[in-house]
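Given next are the chains, with one letter for each unit.
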Amino acid sequence: MAESKATLSIDGNVVTDLPILKGTAGFDVIDIRTLGSKGYFTYDPGFLATASCESAITFIDGGKGVLQHRGYAIDDLAKKADYLEVCYILLNGDAPTKSQYDAFKKIITNHTMVHEKLAHFFQGFLPDAHPMAMVCAVVGALSSFYHSDLDIDDQAQRTRSAHRLIAKMPTIAAMAYKYSIGQPFVYPRNDLSYAENFLHMMFSVPAEEYKVSPTIASAMDRIFTLHADHEQNASTSTVRLAGSSGANPYACIAAGVASLWGPAHGGANEACLTMLEEIGTLDRVDEYVAKAKDKSDSFRLMGFGHRVYKNFDPRATVMRETCHEVLSELGIKDPLLDVAMALEKVALEDPYFIEKKLYPNVDFYSGIILKAIGIPTSMFTVIFAMSRTVGWISHWDEMLSQPGQKIGRPRQKYTGEIDRKFIPLKDR
Ligand code: CMC
């Protein structure tokens, strides 16, 4: 609903009035959709001030460090709900009753196996392929298994795709890991929780029994929850844009996986550990902090800073607590973790980081936890992708449910050549 209007005037001449729309919280938005007809586009590379859609899933107030899913605060969800409950909330809008939760859990559990043919896809990869490369390809390939269930205008089919993706992502992720280390794939177990089952598929081998540690399973579940959704970030916007053309859900989620892979986004947790390994010892921390502050050096401290959180990242607060709990409960001693703790201290005290509001982000702590619980670095972003699948698919479903949904088609400010005379090759 238009509450008030903004007037665009150029050189003192009024061009048009633009309605200002209000959400339930957060910044008001200026509706510029009619501006094209007046001969202007807006220019906002990197979407620093552009609301690309309307959404009722996740609210972030970066200045205040607020993150809420469907109105529920992230720290409450992380501490009082398990990941599947958060999935239900993101997908359906409200916290489930006990019977709704049980029914949802049963559905997800019943979809965890993948078609045996899907296992053959892995054989085409080199053993040293990055697990993200395998996951991206195999998730896209899932669409070939569900030809008859890909009508995106049918809510029941969309919901089934969402359930399949949430259920099968851990299986595919663990398969990518097992393939990369030359071990047999491990089938899911329906008697385990979502997090326990993932750890079981990752770490058990036919030769001996694997007991899932409750501390590790609960840390894993919290990592899933804290990565479940984050409104219109790069990968979610990618999923929405891909989906806006009517592409099938598996193709859209594969696009999300690809976008997440970059080190400025989901790849940050892997990049953070690689950086800790490069720093190596405590005596080199100052040198790397100096590099990060040097304007002539492109090096950045991975796992620090965030586009929207400029005071603190509420996910990082919970993850930091979990990180310290896990390290002390497991009694883990690792020089890299000492380096991480020293970096955390410097960044929280150094004026450069304080002035630029660069705090350790969720991926700094999740990387440390994952390392402590024995997850290989190359799997970090895969785990982020698994966790974020519910967010991606919830946004995809929301977009397709909205009336008047249009294909995404940004415009541009053209800066290239114009009206050149083309000379045929033989005359050049
Ligand atoms: N180390 C050192 N300096 C930094 C860092 C860093 N990690 N991040 C930003 N800066 C500086 C940057 O050089 C710039 O300085 P100046 O104003 O002097 O030019 C200033 O801080 C602002 O940086 P920006 O690139 O304009 O900020 P942004 O909001 O566009 O970027 C970011 C946010 C997350 C991409 C960036 O902070 C970064 O590259 N961090 C490291 C990668 C990382 O950890 N990414 C994970 C984000 S959380 C997971 C997710 O949600 O995907």
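Residues numbered from 1 in each chain as written. Predicted model: local features only at pLDDT ≥ 70, side-chain atom pairs only at ≥ 80, totals over all residues. Heavy atoms only, no water.

Tallied over the full model, the rule gives 2 cavities of 30 Å³ or more. If you go around the largest cavity, you meet 15 residues; those closest to its centre are Thr-109, Thr-112, Leu-192, Tyr-194 and Asn-197. Where the lining of the largest cavity is concerned, the elements lending two or more residues are α3 (98-110), α6 (155-181) and α7 (194-203). A breakdown of the residues in the lining of the largest cavity according to their chemical character gives 7 nonpolar, 6 polar and 2 charged. (1 Å grid on protein atoms, 1.4 Å probe; cavity = no way out; pocket = protein on both sides within 12 Å on 5 of 7 lines; lining within 4 Å. Points joined across faces, edges and corners; volume = space filled by probe spheres on them. Helix = DSSP H or I, 4+ residues; strand = E, 2+ residues; numbered from the N terminus. Nonpolar A, V, L, I, M, F, W, Y, C, P; charged D, E, K, R; others polar.)

For an interface, size is often stated in terms of accessible area lost upon the parts coming together. Domain annotation for the protein reports domain 1 (4-51), domain 2 (78-260) and domain 3 (268-373). Spacing between the C-alpha centres of domain 1 and domain 3 amounts to 38 Å. (Domains from an automatic or database assignment.)

Taking 1.5 Å as the rise per residue, helix α13 (residues 314-330) with 17 residues should run 24 Å; its terminal C-alpha atoms sit 24 Å apart, in good agreement. Of all the positions in α13, only Pro-314, Arg-315, Ala-316, Val-318, Met-319, Thr-322, Cys-323, Val-326 and Leu-327 are classed as buried. Looking at the buried positions of α13, the neighbouring elements they touch are β5 (66-69), α1 (74-80), α8 (214-226), α14 (335-349), α16 (362-372) and α17 (380-401). Regarding α13, its N-cap is Asp-313, as a side-chain oxygen of that residue lies 2.9 Å from the backbone nitrogen of Arg-315 further along. Looking one or two places after α13, you find Gly-331, whose phi comes out positive at around 55°. (Expected span 1.5 Å × (residues − 1). Buried < 20%, exposed > 50% of the residue type's maximum accessible area, 1.4 Å probe, protein only. Contact = heavy atoms within 4.5 Å. Polar contact = N/O pair within 3.5 Å; in protein donor to acceptor, adjacent residues only side chain to side chain.)

Our focus in this paragraph is the layout of surface pockets. To find leftover empty space, a probe the size of one water molecule is rolled over the atoms. There is about 200 Å³ of room inside the second largest pocket. Taken together, 13 residues form the lining of the second largest pocket, with Ala-81, Asp-82, Ala-217, Ser-218 and Asp-221 sitting closest to its centre. Of all the secondary-structure elements, those providing two or more residues to the lining of the second largest pocket are α3, α7 and α8. For the lining of the second largest pocket, the element with the highest residue contribution is α8, accounting for 4 residues. Residues belonging to the lining of the second largest pocket are distributed by class as follows: 7 nonpolar, 2 polar and 4 charged.

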